[in-house]
Amino acid sequence: MKIGIALPQYGSHARAELIAGFARDAEAAGFDSLWVGDRALTPVAPSDLYPGHTPDNPYPPGFTTFLDPLTVLTVAATATSRVRLGTSTLNAPWYPPVLLARTLTSLDRLSNGRLDAGLGIGWMRDEYTAVNADFSKRGARLDEILDILHGIWTEETFGHEGPHWTIPRSYVGLHPVQRPGPPVLLGGFTPAAMGRIGRRADGWVGLTLPPEAYAGLWATARRAAEEAGRDPDALQQHIRHNPGPDASCEDIAAVLTGVRDSGADSCFIDLQQSVPTPDRALELGIKVLERVRGS
């Protein structure tokens, strides 16, 4: 199993001047991938609570400071040469798909084909209001975005007429290094989301879950792939683990070992809610990496 780590991006870790050094050091230490997430804003009175939180504590306090994910990945791309660069997840319906395709293609070219495009639809209605997107149609918008990305990545001229976007037929001179495009990984935990993964994606960007929930969700994705005439064994699993502030190296390593034993292709750890600084995150991450690889 490949092992990755989240780049310094939010809360007390949002130190732009440390991104390049963190990325270089993580690659040198043997991590296989570097990851970012996506938050648009943190409302004072949020419409929705972060999973597992309460009205008095609606989301992790670090969410009030968030560096742009693709800017962070761009810095990491220029500082590294081997590690994969992933988004878990980029909330695709917030972005005009033509501009999203241009940015993802540029990043794939800049990194010489190391991008994994993890896309999701988010969970907070306030963020959709802020970017003038319809929260109730976020799944349909994602489906249309997937069509547009595929067309722009694979065709020499491309046009689109859909329910949400109209694109006049245009020349496409910019194509990604990875063909037919960067691997598209989708997030989500509902039957509809897992079905979309099976039908349309290269894999799942999930979270560490109880084994029974995890197995049921993955079975849904595999069944959808079979029904769509796709190979379910070709689907990849890239799992995020968000340790709490009291998690020890041993605790985190045990979770990653369980993820490995479940058959996942990779797991990455986000330590920005575990320790106060990027250097502490990298120190702890390296210890976890050594423990898991030595087990």
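Residues numbered from 1 in each chain as written. Predicted model: local features only at pLDDT ≥ 70, side-chain atom pairs only at ≥ 80, totals over all residues. Heavy atoms only, no water.

Trainee: For this particular structure, what's the right way to read the overall build of the chain?
Mentor: Per the secondary structure count, the chain includes nine helices and 11 strands. Computed over C-alpha atoms, the radius of gyration of the chain comes to 19 Å, within 12% of the 19 Å expected from 2.2 N^0.38 for 295 residues, which places it in the range of a compact globule. With respect to the principal axes defined by its C-alpha atoms, the chain has extents near 55 × 40 × 40 Å. For the chain, the proportion of its 295 residues judged to be buried stands at 51%. Contacts in the chain between residues at least 24 apart in sequence constitute 72% of all its contacts with a sequence separation of at least 6. (Helix = DSSP H or I, 4+ residues; strand = E, 2+ residues; numbered from the N terminus. Rg over C-alpha atoms; globule rule 2.2 N^0.38 Å. Buried < 20%, exposed > 50% of the residue type's maximum accessible area, 1.4 Å probe, protein only. Contact = heavy atoms within 4.5 Å.)

Trainee: When you look at the nonpolar core in this model, what are you seeing that I'm missing?
Mentor: Where a protein is soluble and globular, its nonpolar side chains tend to be buried together. Ranked by internal contacts, the top residues of the largest apolar core, which has 67 residues, are Ile-5, Leu-7, Leu-34, Leu-119 and Val-288. With seven residues, the top contributor of residues to this core is helix α5 (residues 138–154). Apart from residues no more than four positions distant in its own chain, Leu-34 is found in contact with Ile-5, Leu-7, Ala-23, Ala-26, Leu-73, Ala-76, Thr-80, Val-83, Arg-84, Leu-85 and Gly-86. (Core = buried A, V, L, I, M, F, W, Y, C linked by side-chain atoms within 4.5 Å.)

Trainee: When you look at the environment of Ala-192 in this model, what are you seeing that I'm missing?
Mentor: Assignment of secondary structure puts Ala-192 in helix α6 (residues 191–200). Separated by 32 residues in the primary sequence, Ala-192 and Ala-224 have C-alpha atoms spaced 9.9 Å apart.

Trainee: Please explain the side chain of His-241 as it appears in this structure.
Mentor: As for its placement among the helices and strands, His-241 is situated in strand β10 (residues 236–241). A polar atom in the side chain of His-241 sits 3.1 Å from the side chain of Thr-208. Those residues within four positions of His-241 in sequence are excluded, and the remaining contacts are Thr-208, Ile-252, Val-255, Leu-256, Cys-267, Phe-268, Ile-269 and Asp-270. (Polar contact = N/O pair within 3.5 Å; in protein donor to acceptor, adjacent residues only side chain to side chain.)

These figures come from the coordinates and say nothing about function on their own.
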